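# What the coordinates show
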Amino acid sequence: ETGVTQTPRHLVMGMTNKKSLKCEQHLGHNAMYWYKQSAKKPLELMFVYSLEERVENNSVPSRFSPECPNSSHLFLHLHTLQPEDSALYLCASSQDDGRGSKAFFGQGTRLTVV
Amino acid sequence: GENVEQHPSTLSVQEGDSAVIKCTYSDSASNYFPWYKQELGKGPQLIIDIRSNVGEKKDQRIAVTLNKTAKHFSLHITETQPEDSAVYFCAARGSGSARQLTFGSGTQLTVLP
C-alpha cells in the first residue's frame, strides 16, 4: 500500500460517455500527477498540480479534464474518448520542495474505450 | 526536454544470478534518478533512488550506480529471486521542472527458477 488510492480499478466506457477517475493520497503531499501508461511506451505525464494549482499540462487533448479540489484529491474527467485512449491511468503524489522528491503511485485505473 | 533511454527491454536470468539494467539521460542538469518496479496489475513502486551528488547507493540486494560524466545510471540486483520478476522503470528529473520525471521504456525482468 503506497498511500495513494485510485478508483475505479477498471472502467469500460463508450465513446459518448462521460466518466471520472478519482485519486486520493494520504501522505500529506502537496503535489499530484496524472500519468498515462500504454503498452510498449514509457509513462507519459499528463498533468501536474502543485498546491492545488495546475502547473503543467503536457499537450493533452481537451477530452481529458483534470480537477484538484484540495491537496489530497485529484480527478480526471473523461468525455468523448477515442479507442486509442484505452490505457492504464496512474495517479502519483510527492512533496514538491522545489528540488524534486520521491513520487508514489497508485494502483492505476485500467480504462477501455469501446 | 529530458530524454531517457533504457536497455534491455527484456532480461531473463537464472535464480541466484545478478541482473543489470542500464539507462542513459540527455539533460546534464538532471539531479534525481529513481527506479520503479511494476508488478502485473499494480502501479509502479519506488525501490531505490539516487541524487546527482552520490555515485552509488545500495539497499540489501539492490544497488544503483550513477556516472554523471557519461550521463548513465544502472540498477543492479544480486541473488535474484522469482519474486523479482516484474517490469523495472528508470526515470530522471530534468532541469526544466523540479517536479517532472521522464521515464525509460521499461525492462521486463524474468527470473527463472
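Residues numbered from 1 in each chain as written. Chains lettered and ligands numbered in written order. Predicted model: local features only at pLDDT ≥ 70, side-chain atom pairs only at ≥ 80, totals over all residues. Heavy atoms only, no water.

## Digging into the overall build of chain A
To be explicit about the condition: Only DSSP runs of H or I covering at least 4 residues are called helices, and only runs of E covering at least 2 are called strands; the numbering of each starts at the N terminus. Any residue under 20% of the maximum accessible area for its type is buried, any over 50% is exposed, and the rest in between are partly exposed; the area is computed with a 1.4 Å probe on protein chains only. Here, two residues are considered to be in contact whenever any of their heavy atoms come within 4.5 Å of each other.
Counting its regular elements, chain A contains zero helices and eleven strands. The secondary structure elements of chain A, listed N-terminal to C-terminal, are β-β-β-β-β-β-β-β-β-β-β. For chain A, the spread of C-alpha atoms along the three principal axes comes to 40 × 30 × 30 Å. A total of 114 residues make up chain A; the buried ones form 49% of that total. Counting only contacts in chain A whose residues sit at least 6 apart along the sequence, the fraction spanning at least 24 positions is 53%.

## Things to note about the environment of Leu11 of chain A
Its place among the elements puts Leu11 of chain A in strand S2 (residues 10–13). Through-space distance from the C-alpha of Leu11 of chain A to that of Ala31 of chain A is 25 Å; in sequence the pair is 20 residues apart.

## Notes on the side chain of Asp85 of chain A
Residue and element names in this part refer to chain A. Selection rule: In the analysis that follows, any N or O atom pair within 3.5 Å is treated as a polar contact, provided that within protein one partner can donate a hydrogen and the other can accept it, and provided that, for residues neighboring in sequence, both atoms belong to side chains.
In this structure, Asp85 sits in the loop between strand S8 (73–79) and strand S9 (87–94). Overall, Asp85 belongs to the buried group, its relative accessible area being 2%. Here the side chain of Asp85 touches Arg63 through a polar contact of 2.7 Å, side chain to side chain. Setting aside its immediate chain neighbours within four residues, Asp85 contacts Lys36, Arg63, Phe64, Leu111 and Val113.

## Side note on the sheet that holds strand S7 (residues 64–70) of chain A
Residues and elements named next belong to chain A. We count it as follows: Two strands pair under a simple rule: DSSP has to find at least two bridges between them. A fitted line through C-alpha atoms represents every axis, and for helices the fit uses only the stretch in contact; the resulting angles, taken between N-to-C directions, go from 0 to 180 degrees.
Spatially, the four strands line up as an open sheet ordered S1-S3-S8-S7, and their pairing is antiparallel. The open sheet terminates on both sides in strands that have one partner only, identified here as strand S1 (4–7) and S7. Across the sheet, the axes of successive neighbouring strands diverge by a mean angle of 20°, strand direction being ignored. The sheet contact formed by S7 and S8 spans five bridges and is antiparallel. Each residue of the ladder has a partner; that of Glu67, found in S8, is Phe75.

## Regarding the pairing of strand S4 (residues 31–37) of chain A
All names here are of chain A. With seven of seven residues buried, S4 lies mostly within the body of the structure. Residues Ala31, Tyr33, Tyr35 and Gln37 line one face of S4 and the alternating positions Met32, Trp34 and Lys36 line the opposite face, and both faces are buried. In sequence, S4 turns back onto strand S5 (residues 44–50) through a hairpin of six residues, with Lys40 there showing a positive phi of about 65°. As paired strands, S4 and S9 are joined by seven bridges and run antiparallel to one another. In the sheet register, Gln37 faces S9, and the bridge partner there is Leu88.

## Quick notes on the state of the cysteines
All names here are of chain A. Selection criterion: Sulfur atoms of two cysteines make up a disulfide when they are within 2.5 Å.
Here the structure, examined in full by the defined rule, presents two disulfides over all chains. Between the sulfur of Cys23 and that of Cys91 lies a disulfide, 1.9 Å long from S to S. In this structure the cystine formed by Cys23 and Cys91 twists about its S-S bond by roughly -75°; its chirality is therefore left-handed. With a gap of 68 residues between them, Cys23 in strand S3 (residues 18–25) and Cys91 in strand S9 connect regions that are remote in the sequence. Per residue, the accessibility class of Cys23 equals that of Cys91, and both read buried.

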